[in-house]
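Analysis of the macromolecular model
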Amino acid sequence: MSEVALWVAIASQRKRLGLAARKMLSQGGQLALRGVPDLSLDLMMRLAHGAMVARGAESWLSSLAGHRVHRYAFSGSGKGPPVLLLHGLGGSASSIAPLVPALTPLSPRVVLLELPDHGLSPRPVGGPLSAREYGAVVIACAEEMARDHGGKIAIAGNSLGGALALYTAHERPDLCAAVAGLNPAGAELSDEAVNNLPRSFPDANAGAAHMAGLLFHKTPWLFWLIARDFARHWGTPTVQRILDDARSGSDRSLGLDVLTDIHVPVLIVWGAEDRLLPLRSVQDFARIEGARVELIQGCGHIPQLEKPALTRRLVADFLRGISG
């Protein structure tokens, strides 16, 4: 299916879905899912790629920390630090892109990094990476941006991306002007929370409904178009390697002691209805010295998708404050 045909299919689907069906979908209704096309993540990624390039984004593949990775970049008009944006596990640049319009007026350059085997970044030759190996990729990207800019950068990320932003600030505070974590992963998980991390779904419809319930308070209707393929993708080795590390605790994960030992300005934004990670994670991240914590009610694990306007304002206000 071409990008044009996909646009037409999405527009047609939105028109066909009545208000009642969309409301049912937003609440996780598996019944309404039967009338929704099962679109692939690859098709949606191609569509998102075309949209970002049409909006003026640079797009390129290059090596970072020994891995080929894909990046987008937008030129901005601001005088603040360049900003690096990081998506979550199983996601791509399009899932963090809603922050871009709020950042280009504040920064000269906004870069969206796609982690290895995510988005348009190729699969690593040696197999799935650990969280710390992803961290090395992010640090290499931050080093390059800081070198090109001649100064520190700001980093914002969601979920795994939020944890990697905090990890970079811990490892290389000389590179970081500020860090924003949107429902960052990495806090200590109880046995119950660990057991709630799904592995794979034999039934795509059930998996789509389950993942939507974990990720969102009220699911954006567009997510349902790729929800079944997202559920299939959740069982891949790339995703499961990170989840296995989390299940194994700090010996293989980034470690909460690392993620809370940060000495640059930090913003934590947390969707209070997150069902993937427990609310008490906020208390763990609030231990970061001087951290600003913002709780968003009626919002799940991906605030930049579920509450984009508020999330943009919180991140922009934070970065405006550190630039001033």
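Located above this text is the structure these notes cover.
Residues numbered from 1 in each chain as written. Predicted model: local features only at pLDDT ≥ 70, side-chain atom pairs only at ≥ 80, totals over all residues. Heavy atoms only, no water.

Moving on, we come to the overall build of the protein. The secondary structure content of the protein amounts to 15 helices and eight strands. For the protein, the share of sequence-separated contacts (at least 6 apart) that also reach a separation of at least 24 residues comes to 74%. Total accessible area on the protein is roughly 13500 Å²; 53% of this is exposed by carbon and sulfur atoms. (Helix = DSSP H or I, 4+ residues; strand = E, 2+ residues; numbered from the N terminus. Contact = heavy atoms within 4.5 Å. Areas by Shrake-Rupley, 256 points an atom, 1.4 Å probe, with all protein chains shown as cover.)

Bringing the environment of G135 into the picture now. Considering the arrangement of structural elements, one finds G135 in helix 6 (residues 131-149). Along the backbone, G135 and L254 are 119 residues apart, and their C-alpha atoms lie at a distance of 8.7 Å. Each residue touching G135, except ones within four places of it in the same chain, is listed here: L164 and Y167.

In an α-helix there are 3.6 residues to a turn, and that puts residues three or four apart on one side. The end-to-end C-alpha distance of helix 6, which contains 19 residues, comes to 27 Å, matching closely the 27 Å that a straight helix rising 1.5 Å per residue would cover. For helix 6, the complete set of buried residues consists of A131, Y134, G135, V137, V138, I139, A140, C141, A142, M145 and A146. Backbone geometry just downstream of helix 6 places G150 in the positive-phi region, at approximately 80°. (Expected span 1.5 Å × (residues − 1). Buried < 20%, exposed > 50% of the residue type's maximum accessible area, 1.4 Å probe, protein only.)

Positionally, G290 belongs in the loop between helix 13 (281-285) and strand 8 (292-296). Sequence separation between G290 and H263 is 27 residues; the distance between their C-alpha atoms is 8.4 Å.

This part takes up the packing of helix 9 (residues 204-215) against helix 10 (residues 223-234). It is the contact of helix 9 with helix 10, at a shortest axis distance of 8 Å, that shows an interaxial angle of 100°. Comparing the axis directions of helix 9 and helix 10 gives the class roughly perpendicular. Across the interface between the two elements, A204, N205, G207, A208, A209, M211, A212 and L215 from helix 9 touch F223, W224, A227, R228, F230, A231, R232 and W234 from helix 10. Tallied by class, residues from the contact of helix 9 with helix 10 come to 12 nonpolar, two polar and two charged. (Axes fitted to C-alpha atoms, helices over the stretch in contact; angles between N-to-C directions. Parallel < 35°, antiparallel > 145°, perpendicular 65-115°, else oblique. Nonpolar A, V, L, I, M, F, W, Y, C, P; charged D, E, K, R; others polar.)

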